[in-house]
Every structure is written in C-alpha cells, then in structure tokens.
Amino acid sequence: MTVRVHVDVVVLSLSPAADDDTGTLTVQTLLHDSRPPRLPGDVLGEAEDLDDAARRVMGEVGLHDPRHVEQVASFGAPDRMPDQRTVSVTHLALVHRPFAPSEGWRWRSATDRPQPLAWDHDRILDAALDRVRSKLSYSNIAYGLLPEEFTMSELQEVYEAVLGMTLDKRNFRKKVRGLGLLEETGGMRRGSHRPAALHRFTSPELVLLDEGPLV
C-alpha cells in the first residue's frame, strides 16, 4: 500500500472581526475560497523534508516571515482522504497581524465557522487552537501573536482572545511580571488614553516555564 504524506499549515493571527466595531480581537485563520473551505497544504515532495514543505506551503499563501512555527500533530485516519491513504503532518504558524494573502485565500474566524471545512480540517484546526491555548499557560508563545514591543494591555488582549475569557487585570500582570519573561523597553505607547510602558520578551524564541500555570 502506498501512503501519501501531506503537509498542512494552520496560520493563526488576531484581529477585530469584520462585523465588530468594538475593536475586540478574535482568532483568525487562513482558509481557501474553495467549497468547502480548506487549510493551506500540499503533498510532501520527494526531495523535501517536513520543515521545507511547511515553508513552501506558507510561501504559497503569502506568508514569508512567521513569528512562530512548530509541528502540531499527525493525522492518519484511513478514510480521511477519499482517493488515497494520506497522512497529514500539521504545522502551526503564528503571525502578529493578518497579512494580504495570495489570491484565493481569505482570513476567516478560527472558531466561528459558517460551515464544516474540507476533509478533517476542522479537527486539524481545533488541534492547533488547543495547542496555542495550552501553551499560553506554560510558555511565552504569545510572542508569536504580538509585535516585538507591546503594552501589558496588549499582552492581556492576546490571552483573552485566544482563551475566550476575561482575565483579572491585577492578577494577570502580577503573575506575568513574576515570571521574568518580560522587560521594559523604555518606550511608551501614546494615544487617546494615558501613556503605557512598552515591553518585550526577554527571549525572541519559545521559552517553557518551570512554574505554572500562568493562567
């Protein structure tokens, strides 16, 4: 039996919903305009390793500089593809803000889906979302959804958008500051509200916490 290997990529970002004028951030993902919609993906090339294939798939949808990439899981149910036995090795890519994707691709809500996705892509997308939600509690993975410099309010907005819950401001800031993951940059964010201090993560890469959970 010949088994085909497919590499799929779940691209996640945060932005206000198109029909929401409150500015509340929601989790967005890239889906193709096909019916039913599908995630980015392609067959693994004979000369490719998995990471190279994932980078190629991301490039084909217009993503060339993700903030964070990791492999999530493999999906290999015998009937997941109708034409041939296919195993999907799924990657997760995080970006700070939605970019203009290649033709045929569109940002859609990752949680409020108007219709089922193609094949088992709902299951794949849910697994990627669960991975991010879980890692928020024991790592600095939020850096993948933030700019290099951000305020504490912006950091909390990321947690609240991904977790789908409101967090106590004082407790959240106390816990985050106590973990030693952040440092102040010396800059300030100025706008209609009082100026807010800018922060950055002490490491630009994924850091797993010894203590936890954060939330």
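Rules behind the numbers
Residues numbered from 1 in each chain as written. Predicted model: local features only at pLDDT ≥ 70, side-chain atom pairs only at ≥ 80, totals over all residues. Heavy atoms only, no water. Core = buried A, V, L, I, M, F, W, Y, C linked by side-chain atoms within 4.5 Å. Buried < 20%, exposed > 50% of the residue type's maximum accessible area, 1.4 Å probe, protein only. Contact = heavy atoms within 4.5 Å. Phe/Tyr/Trp six-rings, centres within 6.5 Å; stacked < 30°, edge-to-face > 60°. Helix = DSSP H or I, 4+ residues; strand = E, 2+ residues; numbered from the N terminus. Axes fitted to C-alpha atoms, helices over the stretch in contact; angles between N-to-C directions. Parallel < 35°, antiparallel > 145°, perpendicular 65-115°, else oblique. Nonpolar A, V, L, I, M, F, W, Y, C, P; charged D, E, K, R; others polar. Salt bridge = Lys/Arg side-chain N within 4 Å of Asp/Glu carboxyl O. Patch = residues over 30% accessible without salt bridge, like charges linked within 9 Å, V, L, I, M, F, W, Y side chains within 5 Å. Areas by Shrake-Rupley, 256 points an atom, 1.4 Å probe, with all protein chains shown as cover.

Pulling in residues and values, what's your account of the nonpolar core?
Within the largest apolar cluster, 39 residues are counted, with the highest numbers of intra-cluster contacts made by Leu12, Leu14, Ala142, Leu155, Val162 and Phe201. Look past the residues within four positions of Val162 in its chain and what remains in contact with it is Leu14, Val27, Val132, Arg133, Leu136 and Leu145. Residues Val7, Ala93, Val95 and Trp105 belong to the second largest nonpolar core, which totals 15 residues.

Let's hear about the packing of aromatic side chains: which residues, and what values?
For any pair of aromatic rings, the description consists of the separation of the ring centres together with the inter-plane angle of the planes. Across all of its chains, the model carries three aromatic pairs by this definition. Consider the rings of Phe99 and Trp107, whose centres lie 5.4 Å apart with planes at 85 degrees: the pair is edge-to-face. Both residues of the pair, Phe99 and Trp107, count as buried. Between Tyr159 and Phe172 the ring centres are 5.1 Å apart and the planes differ by 65 degrees, which places this aromatic pair in the edge-to-face class. Within this pair, whereas Tyr159 is found in helix H3 (residues 152–163), its partner Phe172 is found in helix H4 (residues 169–178), the two being separated by 13 residues in sequence. For the pair formed by Tyr159 and Phe172, the shared burial category is buried.

Kindly report on the packing of H3 against H4, identifying the contributing residues and their values.
Packing of H3 against H4 leaves a shortest axis separation of 11 Å and a crossing angle of 100 degrees. The angle between H3 and H4 falls in the class roughly perpendicular. The residues of H4 that touch H3, namely those facing Met152, Ser153, Leu155, Gln156 and Tyr159, are Lys169, Phe172, Arg173, Val176 and Arg177. Its residues assigned to classes, the contact of H3 with H4 shows five nonpolar, two polar and three charged.

Can you explain the pattern of salt bridges? Please cite residues and give values.
In total, this model carries 15 salt bridges according to the counting rule given. A salt bridge links Arg56 to Glu48; the shortest N-O distance between them is 2.6 Å. Judged by relative accessible area, which is 25%, Arg56 ranks as partly exposed. The salt bridge involving Lys135 is made with Glu70; its shortest N-O contact spans 3.0 Å. In this pair, Lys135 is assigned in helix H2 (residues 121–136) and Glu70 in strand E4 (residues 68–75), connecting sequence segments 65 residues apart. Overlapping salt bridges bring together Asp42, Glu48, Arg56 and Glu60 as one network.

An account of a nonpolar patch on the surface is requested, with residue identities and associated values reported.
There is a patch of nonpolar side chains on the surface, built from Tyr138, Leu206 and Leu208 and spanning about 250 Å² of accessible area. Counting through the fold element by element, Leu208 comes out in the segment after strand E8 (196–201). Overall, Leu208 belongs to the exposed group, its relative accessible area being 52%.

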